[in-house]
Amino acid sequence: MTASFKKYIGSIALLVFVLVLLNSIGSVFYKRFDLTQDKRFTLSAAAKEIVAHVDSPMVVDVFLKGDFPPEFRRLQSETSQLLEEFSAYNANIKFDFIDPTEKGNEAFRAQFEKFGLTPAQVSITENGKQSKELVYPWALAHYEGKSVKIPLLKNQLGATTEERVNSSLQNLQYAFADGFKKLATEKSKKIAVLKGNGEYDDRYIADFFATLRDYYFIAPFTLDSVASNPEKTLHALNGFDLIVAAQPTEPFSDAEKYVLDQFIMEGGKSLWLMDATQMQMDTISGNMFAFGRDLNLNDFFFKYGIRINPNLVKDVYSAPIVLASGDEREAQYSRYPWFFSPLSSSANNHPIVTNIEAVKFDYASAIDTLPNHIKKTVLLSTSPISKIVGLPFPIDFDVEIPKNLQVVNEGPDPNEYRAGEVPLAVLLEGKFTSVFKNRVKPFKLPDNLDEGKPTKMVVISDGDVIKNQTKGNRPLELGFDKMTNQFYGNKEFLLNTVNYLLDDSGLINIRTRQIAVPFLDPQKTVEQRTKWQTLNLLLPLVLLGLFGIGFHFLRKRMYAR
């Protein structure tokens, strides 16, 4: 045996020893490395905190398996890698990818209707050809006898499949963390839904509060008892963490206002969805008229630092309205621009409005922010191309529709649409001063507060933001418009708002993560398909051949000695 051969054998033995040593060290000191530039597979602190509570097996069934178009193969791959991260952090999390169309999976398909797992019909462009595909972008998580559905594909207005998948990848960690939180975290916070002042009937707010019940305790709360026992009413109200006023239409008494004020002084959070206008039908002309509405809350909000004006905003960037023409049996439905339905998508990077779809308003009013010590953040506003109209104002479709069409076709008059970005939703944070400071109180309280504890409040100048449409007696999902089959971001916006107000900001902060997902250019893909296929086929063979030739000469040289 030559010395060179012994040296060769020794090198091989050393290499094997090093590999065995590294493998042994890796089995003891296990570590995963996220080498992506945006750290998309690194779990956030909030996500880790949620799954840390999982102390028994949680099984996740993912229905992204099968022959997918390229965009969904990307979603499938990144879903798998993210779940591997969850499983690596907590071994109790198990997951499995299932093809629901495969024979033998009838039991899984039976769950689709039960949980409302509707397939997504997507347009696929491949090899220059377009086709329609059905995909089930859902997951079901099961834990301790409970199950929750997890959407993997976000609805997005007018977006291509690539854009929808890109948005879904941004939302992926949030979607799973949100689902795991519903299963593994006990509810603690309480929300009171105000009743007794003409607020929305339950069927119009059913979808939003049904969703909130997965996170918080929800209960109706009437202020009627203020007249007979205000102190007891306030004591009961202070047992809640947040109050929601969903489109009140009847004025609040001073006593009711005082109870609400003291709730806020005690640090209670509040969400106000208010209309400063009301619609009335003119029986002579048949037209609608918009009038101001006085809820006896002007001084209430003024003291806190904002004013909801009795006017209407018109925004060129708006949702369409669907109107019928012709006889009832042969009616034709057409879409028209409707500037009284602003679509607001804020450029603000606040966690409440980051990565959400445009929020749809209807007959909203302008909000003024007033100078005081309270911190104010405009969450949503109109586009820069907007105008404000005073009240009363006649709303005649035969007049408004032609004017709107003219603006769309010819462009807006800059002298008319010059209101700029008008605030429609404002967040207030800080220590509020009582509305009744240095005023006669409606009733006596032994522990009245003139200066409040730190708290938060969100005021929205349109109650329709929380209103879901109905089909028969069944509420539809909040944000879905059945006339146009469009989804808006109302539900996501309000969920974020409630999470933020209740200091449940962990989930919201996951939304702020920005990841860059590059996609192939479909035009270049078609044009250069042959080139890259040839390169991918021949390059490995060429490299293998060069390696073989080099190894042959090296071996020949070694033994020639």
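The notes below deal with the structure included here. It should be emphasised that the depicted structure is a prediction, and the values quoted were computed from it without experimental measurement. (Residues numbered from 1 in each chain as written. Predicted model: local features only at pLDDT ≥ 70, side-chain atom pairs only at ≥ 80, totals over all residues. Heavy atoms only, no water.)

Before going further, it helps to examine helix α4 (residues 106–115). Two residues of an α-helix separated by three or four positions point the same way, owing to the 3.6 residues in each turn. Of the residues making up α4, those classed as buried are Q111, F112 and F115. With its buried residues spanning 115° around the axis, α4 presents them on a single face. Counted as exposed and oriented over 90 degrees from the buried face of α4: A110, E113 and K114. Where α4 is buried, its residues touch β5 (138–143) and β6 (146–151). At the exit of α4 stands G116, carrying a positive phi of roughly 70°. (Buried < 20%, exposed > 50% of the residue type's maximum accessible area, 1.4 Å probe, protein only. Helix = DSSP H or I, 4+ residues; strand = E, 2+ residues; numbered from the N terminus. Arc of directions from axis to C-beta. Contact = heavy atoms within 4.5 Å.)

A few words on unusual backbone geometry. Leaving glycine aside, a negative phi is the common case for residues, and trans is the common case for peptide bonds. Cis rather than trans, the peptide bond between L391 and P392 has omega equal to 0°. Note that P392 resides in the loop between β20 (386–390) and β21 (393–395). For Q247, which is not glycine, the phi torsion reads 60° and is therefore positive. As for its position among the elements, Q247 is in the loop between β9 (242–246) and α8 (254–265). Backbone geometry places N296, a non-glycine residue, at a positive phi of 60°. Along the chain, N296 turns up in the loop between β12 (288–292) and α9 (298–304). Relative accessible area serves as the criterion here: at 27%, N296 is assigned to the partly exposed category.

On to the nonpolar core. With 81 residues, the main nonpolar core has F86, F176, F180, I460, I466, F493 and L494 as its most contacted residues. Setting aside its immediate chain neighbours within four residues, F176 contacts V60, T79, L82, L83, F86, A139, I150 and L152. The next biggest cluster of nonpolar side chains, apart from the first, holds 39 residues, and it includes A245, A255, I308 and V426. (Core = buried A, V, L, I, M, F, W, Y, C linked by side-chain atoms within 4.5 Å.)

This part is about the pattern of salt bridges. On inspection of all chains with the given rule, the structure shows 17 salt bridges. Between D214 and K182 there is a salt bridge whose closest N-O contact spans 3.9 Å. Taken together, the residues D214 in the loop between α6 (206–212) and β8 (217–222) and K182 in helix α5 (residues 161–184) connect sequence positions 32 residues apart. Between K314 and E400 there is a salt bridge, and its shortest N-O distance comes to 2.8 Å. (Salt bridge = Lys/Arg side-chain N within 4 Å of Asp/Glu carboxyl O.)

Of all the six residues making up strand β7 (residues 190–195), five are buried; the element is thus mostly covered by neighbouring parts of the structure. Handedness of the crossover joining β7 and β8 through α6: right-handed. With three bridges connecting them, β7 and β9 associate as parallel partners. The residue of β9 that forms the bridge with I191 is L242. (Right-handed = clockwise from strand over helix to strand, strands pointing away. Pairing = 2+ DSSP bridges.)

A contiguous nonpolar patch, built from L535, L537, L538, L539, L541, V542, L543 and L546 and spanning about 760 Å² of accessible area, is present on the exposed surface. Within the secondary structure, V542 sits in helix α14 (residues 529–560). (Patch = residues over 30% accessible without salt bridge, like charges linked within 9 Å, V, L, I, M, F, W, Y side chains within 5 Å. Areas by Shrake-Rupley, 256 points an atom, 1.4 Å probe, with all protein chains shown as cover.)

Take S386: it is sitting in strand β20. Within polar-contact distance, the side chain of S386 engages the backbone oxygen of S383 at 3.4 Å. Sequence-distant contacts of S386, defined by excluding residues within four places in its chain, comprise K314, D315, E416, Y417, R418, A419, G420 and V422. (Polar contact = N/O pair within 3.5 Å; in protein donor to acceptor, adjacent residues only side chain to side chain.)

Before going further, it helps to examine the sheet that holds strand β23 (residues 451–460). The strands that make up a sheet pair up through hydrogen bonds in the backbone, lying either parallel or antiparallel. Pairing is mixed in the open sheet, where seven strands are placed in the order β8-β7-β9-β10-β23-β22-β19. A strand with exactly one partner marks an edge of an open sheet, and here the two such strands are β8 and β19 (375–381). Direction aside, neighbouring strands of the sheet carry axes that sit 20° apart on average. The pairing of strand β22 (residues 423–433) with β23 spans eight bridges and is antiparallel. Of the residues in β23, the one forming a bridge with T433 is E451. Each of β7, β9, β10 (269–273), β22 and β23 touches α8; the most contacted strand, β23, lies at about 115° to it. (Axes fitted to C-alpha atoms, helices over the stretch in contact; angles between N-to-C directions.)

Next up on the list: the packing of aromatic side chains. Summed over the entire model, instances satisfying the criterion amount to 21 aromatic pairs. Measuring from centroid to centroid gives 6.0 Å for F176 and F180, while their planes differ by 45°, and the two rings are tilted. Here the residue F176 and the residue F180 both occupy positions in helix α5, the gap between them amounting to four residues, near one helical turn. Residue classification places F176 among the buried residues on the basis of a relative accessible area of 0%. Under the relative-accessibility criterion, F180 is labelled buried at 0%. An aromatic cluster of at least three residues, connected via ring pairs, comprises W272, F300, F301, Y304 and F432. (Phe/Tyr/Trp six-rings, centres within 6.5 Å; stacked < 30°, edge-to-face > 60°.)

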